[in-house]
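Per-entry structural report
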Amino acid sequence: MKNWKDIIRHKQFRYLDHSKENFFDKKAYTALTSFAIDDVLALSVGGKNTAPAIRLWVHPDTVVLGIPDARLPFIEEGVELLNEQGYHVIVRNSGGLAVALDAGVLNISLVLPDVKHISIHDCYEAMVSFIQYMLRDLTNDIEAYEIVGSYCPGDYDLSIDGRKFAGISQRRVKDGAAIQIYLDVEGKGVERAALIRDFYSVGINDTETKFSYPDVDPSTMASLTELLGKKITVDGMKDRVLESLEHFSDTIVTDDFSADELEAFKTRYEQMVKRNERIAGMQ
């Protein structure tokens, strides 16, 4: 196992705050955009064209489905329920299951090169350790293990006292990887979990399925603000990301996308749109 600090430490890091702005001309900045961008960054980093990157992104009232979610027997009814609650729905290209995003959820993408020589497990561990380091002055109680009853459960769920506030997925493109984490920073984690519970209830509708979908118990989830008993904001968390990154890099740059990256983005975005044609037709 590689030391997580060795995985993250690089002479130069590219820092991209995509949490508020509208990118790429007038194209709508949705979660589709974000997953396409991460693919482009993984390609650039893997091809040694750019420095490793860390990217911050926030999307209002969006439910990001995993590929198995799109195969629910009553998916149209599930999507309709989410739409009625004011949520836009997309299907992502990385692993995992349904996740609820809103203005109180900060997504962090850590994009690293040379991953042919780094195991998937080590990349996950690096992200876990980075978050623990980032919050080291607030708590030493962050653990990583599957929280049964949470949405999008996995071995790298991050929790405090058994209640989940974050989940991690990973997307590898050639020799680059985007390790993506969502952090429930503000708001009520129980309400987000109840939304996903209701989505599965409607989408499954007591039908037997080959895939085992999570039986979501909203009490297993909470935001960091709730867990730590103090006001923590997305903006404050963004500051922590940058401050922590400075400990692992000599130079931090904020380079815009190159012409090659913009061209690659067109292709990757079109792929995301195509992946989402069926879901888009339900909304």
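Note that the coordinates shown come from a computational prediction; the quantities given were computed from them, not determined experimentally.

What counts, and at which threshold
Residues numbered from 1 in each chain as written. Predicted model: local features only at pLDDT ≥ 70, side-chain atom pairs only at ≥ 80, totals over all residues. Heavy atoms only, no water. Buried < 20%, exposed > 50% of the residue type's maximum accessible area, 1.4 Å probe, protein only. Helix = DSSP H or I, 4+ residues; strand = E, 2+ residues; numbered from the N terminus. Pairing = 2+ DSSP bridges. Axes fitted to C-alpha atoms, helices over the stretch in contact; angles between N-to-C directions. Parallel < 35°, antiparallel > 145°, perpendicular 65-115°, else oblique. Left-handed = near helix turned anticlockwise from the far one by under 90°. Contact = heavy atoms within 4.5 Å.

1. A word on the pairing of strand β9 (residues 163–173)
Counting buried positions along β9 gives nine out of eleven residues, so the element sits mostly inside the fold. Relative to β9, strand β8 (residues 158–160) is paired through three bridges, and the arrangement is antiparallel. Within the sheet, the bridge partner assigned to Ser159 lies in β9 and is Lys164. Two successive antiparallel strands, β8 and β9, enclose a turn made up of two residues, where Asp161 displays a positive phi of approximately 55°. Strand direction decides the pairing type here: β9 and strand β10 (residues 176–184), joined by eight bridges, are antiparallel. Residue pairing in the sheet places Gln170 in a bridge with Ile179 of β10. Where β9 folds back onto β10 in an antiparallel hairpin, the turn is made up of two residues, including Lys174, whose phi is positive at roughly 55°.

2. Digging into the side chain of Thr225
By the element assignment, Thr225 lies in helix α6 (residues 224–228). For Thr225, a relative accessible area of 17% corresponds to the buried category.

3. Some words on the packing of helix α3 (residues 75–84) against helix α5 (residues 189–204)
Relative to each other, α3 and α5 sit at 150°, their axes nearing to 7 Å. Taken together, the axes of α3 and α5 lie roughly antiparallel to each other. Both α3 and α5 take part in a crossing whose hand is right-handed. Across from Ile75, Glu77, Gly78, Val79, Leu81 and Leu82 in α3, the residues of α5 making contact are Leu195, Asp198, Phe199, Val202 and Gly203.

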